[in-house]
Amino acid sequence: MELFNKGLEWYSSLADKAIDGSRLTIEEGIAILEADDEDILPIMQAAFRVRHHFYGKKVKLNMIMNAKSGLCPEDCGYCSQSIVSTAPVSKYSMLDKESLLAGAREAMARKAGTYCIVASGKGPTDRELDQVIEAVQEITRTMPLKICACLGILKGDQAQRLAEAGVHRYNHNLNTSKNNYPSITTTHTYDQRIETVKIAQSHGMSPCSGVIIGMEEMNEEIVEMAYALRELDADSIPVNFLNPIPGTPLEGAKRVSPIRALKVLALFRFICPSKEIRVAGGRELNLRSLQPLSLYAANSIFVGDYLTTEGQEVTADHQMIEDLGFEIEMCALSAV
């Protein structure tokens, strides 16, 4: 019991540092990931202090629309839509305006404050950009939704057009560490991803960028990813846990354990204390029965399905939030 209490005091000191704006050291970050599993409750208690300080008990809900599926020339090893994947996925070009509007209405029905328009591919063509912009203009005119676009690598003029159309946030995940990047994909670089996040930010869109945990990265690399996102000043950080889909190069990867997933979420809360930390893809598969505990560190989740995999039934997510005594943030437009 003495050791447990000492652990609780130490994790609480990390919460104090995070709330005060002080940086955790690399060693402190690694210590969270390497902590004994028996320490998971004091770790989550400390992370919740930070989460509560900045966000109280509110939970942000996001919904993804897979606006363009498959047909991707990239070789990302985790993705079922990539050119090297043999996984059976739907393949279609950019959805029309009415389909994107229908998705926005569904986001409203699911109580999501943010509607995420996501398209496969290296980057958008002018025609694809026109289609997205036309839909975004109508959505922002008629619905109280925050719009996030995820269309791949952007040029400056494309970012400007999206921002002017009313896109509030642009997502482009770093996915893994710089050193690990060449083992995950070879058709674009880590630096290109960094540059796209900065381009979106420079044109007034809120930067959204996150990671995928479970791609043979070392603990030091996970801490490095968290600090890279802190340096980018990403407002929203989706933390994905690899779903090793059959037919992808990473199909044989070992799943992340629920307790390790919780440690990762706590780490990101300590290092990026004031940012939206979202439990993203792979939540259901990796956290399983411990999903509710994730919201003691994270303050955001996706509701509904992901790009090519199914999510938890939306009423189950609503019930989980209610059972925790938390509150759904019904409109995201008043927040970053």
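Residues numbered from 1 in each chain as written. Predicted model: local features only at pLDDT ≥ 70, side-chain atom pairs only at ≥ 80, totals over all residues. Heavy atoms only, no water.

A. How the structure looks around the pairing of strand β8 (residues 276-279). Of the two faces of β8, the one lined by E276 and R278 and the one lined by I277 and V279 are each fully buried. Pairing of strand β7 (residues 236-241) with β8, which is carried by 4 bridges, proceeds in the parallel orientation. The residue bridging V239 from the neighbouring strand is V279, located in β8. Between β7 and its parallel partner β8, the chain crosses via helix α9 (residues 258-271), and the hand of that crossover is right-handed. (Buried < 20%, exposed > 50% of the residue type's maximum accessible area, 1.4 Å probe, protein only. Helix = DSSP H or I, 4+ residues; strand = E, 2+ residues; numbered from the N terminus. Pairing = 2+ DSSP bridges. Right-handed = clockwise from strand over helix to strand, strands pointing away.)

B. Spotlight on the pattern of salt bridges. Applying the stated rule across the entire model yields 17 salt bridges. R23 is the partner of E231 in a salt bridge, and the nearest nitrogen-oxygen pair spans 2.8 Å. One end of the pair, E231, is in helix α8 (residues 219-232); the other, R23, is in the loop between α1 (2-20) and α2 (26-33), and 208 residues separate them in sequence. Judged by relative accessible area, which is 57%, E231 ranks as exposed. The class of R23 is partly exposed, set by a relative accessible area of 42%. Of the charged contacts in the structure, one is a salt bridge between E134 and K97, with a shortest N-O distance of 4.0 Å. You can see E134 sitting in helix α5 (residues 126-142) and its partner K97 sitting in helix α4 (residues 97-109), a full 37 residues away along the chain. Owing to a relative accessible area of 24%, K97 belongs among the partly exposed residues under this scheme. Three or more residues joined by partner-sharing salt bridges are found here, namely R169, E276 and R278. (Salt bridge = Lys/Arg side-chain N within 4 Å of Asp/Glu carboxyl O.)

C. Examining unusual backbone geometry more closely. One non-glycine residue, K111, adopts positive backbone phi at about 70°. Inspection of the secondary structure assignment puts K111 in the loop between α4 and β2 (114-119). Owing to a relative accessible area of 35%, K111 belongs among the partly exposed residues under this scheme. One non-glycine residue with positive phi stands out, namely E216, at about 65°. Relative to the elements of secondary structure, E216 occurs in the loop between β6 (211-213) and α8.

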